[in-house]
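# Structural overview for review
Here is how the chains run, residue by residue.
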Amino acid sequence: MNTLDVKDIKVLLSEEKIQNRIQEIADKLNALYQNEEVYAICVLKGAVFFAIDLLKHLKMPLKMEFIRLSSYGTGFSTSGKVNAVDISLPDLNGKNVLIIEDIIDTGLTAKFLMDFMHCNFRTKSTIFCSLLDKKVSRKTEIEPDYYGFEVDDKFVVGYGLDYEGYYRNLRFIGYVPTK
Ligand code: 5GP
């Protein structure tokens, strides 16, 4: 399939809606952590827009790390396998860890990450925050501690989320209508 035409993408969540919700999540995180130091871990590439906008609202001392995983091969469907492309992290023992994801779909990536944390570190706390939650597609029991919006079982693009590498730069989140 060729790239999608931007004008065929229907807006699901406007820029304003996304930004307002991010402020709400940031308020909760500011209240949760108070002034405790946090290691924010952004899952590349999809979560990068969300992480940057969210972190700008956080007030505690904070360090930012990036990890890169992949579960989507090509097109609209997950491969069902999570690959650690780059998961080099500092020593997180005794630290407050905030994992920032774009979307939880089957939950396999989130489970992989939580297992990785538990196997490698004794963190002070590990909080999982995802902008989107596609609850209907879940294949694991994992739930995010915080999420922005629940979405239906549609393939969404924009605001970091891609289709074959494109559309991450859209300011809104949208989907391609099937009919
Ligand atoms: P999971 O492991 O929960 O099935 O999938 C997590 C990853 O799959 C997300 O981080 C994201 O990269 C990708 N993904 C899942 N659903 C969608 C979707 O609707 N659109 C896009 N662009 N990526 C998705």
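That block above? That's the structure.
Below, the structure is looked at part by part. (Residues numbered from 1 in each chain as written. Predicted model: local features only at pLDDT ≥ 70, side-chain atom pairs only at ≥ 80, totals over all residues. Heavy atoms only, no water.)

### Looking at the packing of helix H1 (residues 15–33) against helix H2 (residues 48–55)
Running from N to C, H1 and H2 cross one another at 60°; their axes reach a closest spacing of 9 Å. As the angle between them shows, H1 and H2 are arranged oblique. The interaxial crossing formed by H1 with H2 has right-handed handedness. Only Phe 50, Asp 53 and Leu 54 of H2 make contact with H1, whose side of the interface consists of Gln 19, Ile 22, Ile 25, Ala 26 and Leu 29. Across the contact of H1 with H2, the residue classes break down as 6 nonpolar, 1 polar and 1 charged. (Axes fitted to C-alpha atoms, helices over the stretch in contact; angles between N-to-C directions. Helix = DSSP H or I, 4+ residues; strand = E, 2+ residues; numbered from the N terminus. Parallel < 35°, antiparallel > 145°, perpendicular 65-115°, else oblique. Left-handed = near helix turned anticlockwise from the far one by under 90°. Contact = heavy atoms within 4.5 Å. Nonpolar A, V, L, I, M, F, W, Y, C, P; charged D, E, K, R; others polar.)

### Here we look at the state of the cysteines
Within this structure, the stated rule accounts for 0 disulfides. Free of any disulfide, Cys 129 has its nearest cysteine sulfur in Cys 42, 11 Å distant. (Disulfide = S-S within 2.5 Å.)

### Some words on the site of the ligand
Surveying the vicinity of the ligand reveals 17 residues, the closest of which are Asp 102, Thr 106, Thr 109, Val 156 and Asp 162. A distance of 2.7 Å separates an oxygen atom of the ligand from a polar atom in the side chain of Asp 102. Between the ligand and the protein, one listed contact pairs an oxygen atom with a backbone N or O atom of Asp 105 at 2.8 Å. Summarising the interface, the protein chains cover 92% of the accessible area of the ligand, which totals 510 Å² for the free molecule. For the shell around the ligand, the secondary-structure elements that each account for two or more residues are strand S3 (62–72), strand S5 (96–104) and helix H3 (108–120). For the shell around the ligand, the element with the highest residue contribution is S5, accounting for 4 residues. Taken together, the residues of the shell around the ligand break down into 7 nonpolar, 4 polar and 6 charged. (Near = heavy atom within 4 Å. Polar contact = N/O pair within 3.5 Å; in protein donor to acceptor, adjacent residues only side chain to side chain. Areas by Shrake-Rupley, 256 points an atom, 1.4 Å probe, with all protein chains shown as cover.)

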